[in-house]
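Here's the letter readout for the chains.
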Amino acid sequence: MRISIDPHSGFCFGVVYAIQMAEEELDKSGSLYCLGDIVHNNMEVERLKARGLKIINHEQLSQLHDTKVLIRAHGEPPETYKTAIENNIELIDASCPVVLKLQNRVRTSFDEAVETEGQIVIYGEAGHAEVNGLVGQTDGKAIIVKTADDLAKIDFSKPVYFFSQTTKSTKGFEEMKAMIEERMQTFQQSSGEDEIFSSNDTICRQVSNREPQLEKFSTQHDVIVFVSGKKSSNGKALYSVCKATNPHSYFVSDTDEMEKQWFADAESVGICGATSTPMWLMEKVAKYLQELNTVTA
Ligand code: SF4
């Protein structure tokens with residue numbers, strides 16, 4: 001059985017940067033608070049916790065004073081920065097530059113929407129840290145859509161400024177965009193009014209560029225093992241690309257979720273993962289498969 005790891009999988013630059021910042025501080029002081037899981041991968045979180053990283057939530061943040069707290073790549077809403085000033089907390093801000101740029105774009109469109117009575121619509125996961133940061137740019141007014149059912153929340157007689165969470169799938173975004181466009185056109189035909197529809201594909205290229213690469217990689221192997229934390233949004237999106245291309249694709253968080261029968265007839269196995277999947281974890285999966293290979297050979 002040939003076993004290969006996708007060279008394009010593994011941490012994106014945003015996650016690399018956040019982990020570097022955390023490790024630099026841990027090297028100096030041996031302890032650091034981090035607001036939320038530093039990355040949506042439990043194995044990597046556990047590794048950093050063992051080095052002194054302490055994961056806190058927003059309620060715990062409001063009770064902390066005079067300390068340092070790391071902001072992870074997902075970014076934060078303005079209230080978090082306000083709390084930090086009030087409590088004399090030094091923020092080590094590892095918000096990804098791609099997310100910060102998106103926050104700015106959402107804020108600028110929100111200012112325009114206030115003038116035009118428009119709506120900010122975000123294609124994303126309600127409650128996801130990045131989405132919370134984006135909603136925070138709109139005084140909590142943004143509408144979050146994930147499925148066609150959510151479109152009932154939009155008033156199609158008013159302008160729509162449409163954005164995507166950075167880690168969603170391109171296909172899902174395009175489908176949602178087409179549905180909004182269609183409903184706006186239907187409304188306009190019946191009312192004779194012409195409304196603004198500003199659609200912004202703000203999916204991170206670190207995610208969308210991986211889609212065609214993973215499609216290709218998935219066709220090159222009999223079985224695909226996709227390694228990702230279960231909470232990872234881009235993990236779900238990228239796994240669906242593999243599964244659609246190669247039905248023998250399996251999602252695992254660690255080796256204990258792997259089943260030997262998946263590989264019974266496989267001549268080649270490809271290992272890949274999300275932008276939040278550490279290389280060491282994909283290497284662990286490869287080692288497990290090599291051992292399995294030796295036992296069954
Ligand atoms: S996926 Fe893109 S936006 Fe998200 S942390 Fe990585 S580089 Fe930044």
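Residues numbered from 1 in each chain as written. Predicted model: local features only at pLDDT ≥ 70, side-chain atom pairs only at ≥ 80, totals over all residues. Heavy atoms only, no water.

Visitor: Would you mind going over the packing of helix H1 (residues 13-29) against helix H2 (residues 42-50) with me for this structure?
Guide: Geometrically, a packed helix pair is captured by the angle between its two axes and the distance between the axes. Where H1 contacts H2, the axes come no closer than 11 Å and their chain directions differ by 20 degrees. By the angle class used here, H1 and H2 are roughly parallel. The handedness of the crossing between H1 and H2 is left-handed. From H1, Ile19, Glu23 and Leu26 reach across to H2, where they touch Glu44, Arg47 and Leu48. Residues that form the contact of H1 with H2 fall into these classes: three nonpolar, no polar and three charged. (Axes fitted to C-alpha atoms, helices over the stretch in contact; angles between N-to-C directions. Helix = DSSP H or I, 4+ residues; strand = E, 2+ residues; numbered from the N terminus. Parallel < 35°, antiparallel > 145°, perpendicular 65-115°, else oblique. Left-handed = near helix turned anticlockwise from the far one by under 90°. Contact = heavy atoms within 4.5 Å. Nonpolar A, V, L, I, M, F, W, Y, C, P; charged D, E, K, R; others polar.)

Visitor: Would you take a moment to explain the packing of helix H9 (residues 210-219) against helix H10 (residues 233-245) for this structure?
Guide: Remark: H9 packs on H10, axes separated minimally by 9 Å, with the N-to-C direction vectors making an angle of 35 degrees. For H9 against H10, the interelement crossing comes out right-handed. Only Leu238, Val241, Cys242 and Thr245 of H10 make contact with H9, whose side of the interface consists of Arg210, Glu211, Leu214, Glu215, Ser218 and Thr219. Looking at the contact of H9 with H10 residue by residue, the class counts come to four nonpolar, three polar and three charged.

Visitor: Is there a simple way to explain the domain arrangement of the protein in this structure?
Guide: The parts lose accessible area when they come together, and the size of an interface is often stated as this lost area. Entries for the protein in the domain assignment read domain 1 (2-10 + 207-296), domain 2 (13-95) and domain 3 (98-165 + 169-202). Using C-alpha coordinates to define each centre, domain 1 is positioned 33 Å away from domain 3. At the interface, four residues of domain 1 touch five residues of domain 3. Together, the buried faces of domain 1 and domain 3 total about 330 Å²; carbon and sulfur atoms form 44% of this surface. By the criterion of area lost to domain 3, the three top residues of domain 1 are Glu211, Ser233 and Ala237, representing 74% of everything that side buries. The interface formed by domain 1 and domain 3 includes zero salt bridges. (Domains from an automatic or database assignment. Buried area = accessible area lost by both parts, 1.4 Å probe. Salt bridge = Lys/Arg side-chain N within 4 Å of Asp/Glu carboxyl O.)

Visitor: Would you mind showing me how to read the sheet that holds strand E2 (residues 32-35) here?
Guide: In a beta sheet, neighbouring strands pair by backbone hydrogen bonds and run either parallel or antiparallel. An order of E3-E2-E4-E5 is seen for the four strands of this open sheet, with the pairing classed as parallel. Of all strands in the sheet, those with a lone pairing partner are strand E3 (53-56) and strand E5 (90-93), marking the two edges. Across the sheet, the axes of successive neighbouring strands diverge by a mean angle of 35 degrees, strand direction being ignored. Two elements, strand E4 (residues 68-71) and E5, share four bridges in a ladder whose sense is parallel. (Pairing = 2+ DSSP bridges.)

Visitor: Hey, could you run me through unusual backbone geometry in this one?
Guide: Peptide bonds are mostly trans, and most non-glycine residues show a negative phi. Although it is not a glycine, Asp66 sits at a positive phi angle of roughly 50 degrees. For Asp66, the location among the structural elements is in the loop between helix H3 (58-63) and E4. Since its relative accessible area comes to 57%, Asp66 is described here as exposed. Despite not being glycine, Glu117 shows a phi value in the positive range, around 60 degrees. (Buried < 20%, exposed > 50% of the residue type's maximum accessible area, 1.4 Å probe, protein only.)

Visitor: Before we go on, may I ask you to explain the environment of Tyr161 in this structure?
Guide: Examined against the element boundaries, Tyr161 turns out to sit in strand E8 (residues 160-164). Here the alpha-carbon distance between Tyr161 and Ala178, two residues 17 residues apart in the chain, equals 14 Å. Excluding its chain neighbours within four sequence positions, the residues that come into contact with Tyr161 are Ser109, Glu112, Ala113, Thr116, Gly118, Gln119, Ile120, Val121, Ile196 and Ser198. At 3.2 Å, the side chain of Tyr161 forms a polar contact with the side chain of Glu112. (Polar contact = N/O pair within 3.5 Å; in protein donor to acceptor, adjacent residues only side chain to side chain.)

Visitor: Even after reading the chapter, I still don't get the site of the ligand, so can you show me in this structure?
Guide: Every residue near the ligand is listed here: Cys12, Phe13, Gly14, Ala73, Cys96, Val98, Val99, Thr166, Cys204, Gln206 and Val207. Within the residue set of the shell around the ligand, elements represented by two or more residues are H1, helix H5 (97-116) and helix H8 (205-208). Looking at side-chain class alone, the shell around the ligand contains eight nonpolar, three polar and no charged residues. (Near = heavy atom within 4 Å.)

Visitor: Before we go on, may I ask you to explain the pattern of salt bridges in this structure?
Guide: A side chain of one charge can pair with a side chain of the opposite charge when the charged atoms of the two come close. For the structure shown, the criterion picks out 18 salt bridges. Note that Lys168 is salt-bridged to Glu125, the shortest N-O span being 2.8 Å. Of this pair, Lys168 sits in the loop between E8 and helix H7 (170-191) while Glu125 sits in the loop between strand E6 (119-123) and helix H6 (129-135), placing them 43 residues apart in sequence. By relative accessible area, which is 8% here, Lys168 ends up buried. With a relative accessible area of 17%, Glu125 lands in the buried category. Salt bridges here are not isolated pairs; linked through shared partners, they connect Glu23, Asp27, Glu44, Arg47 and Arg51.

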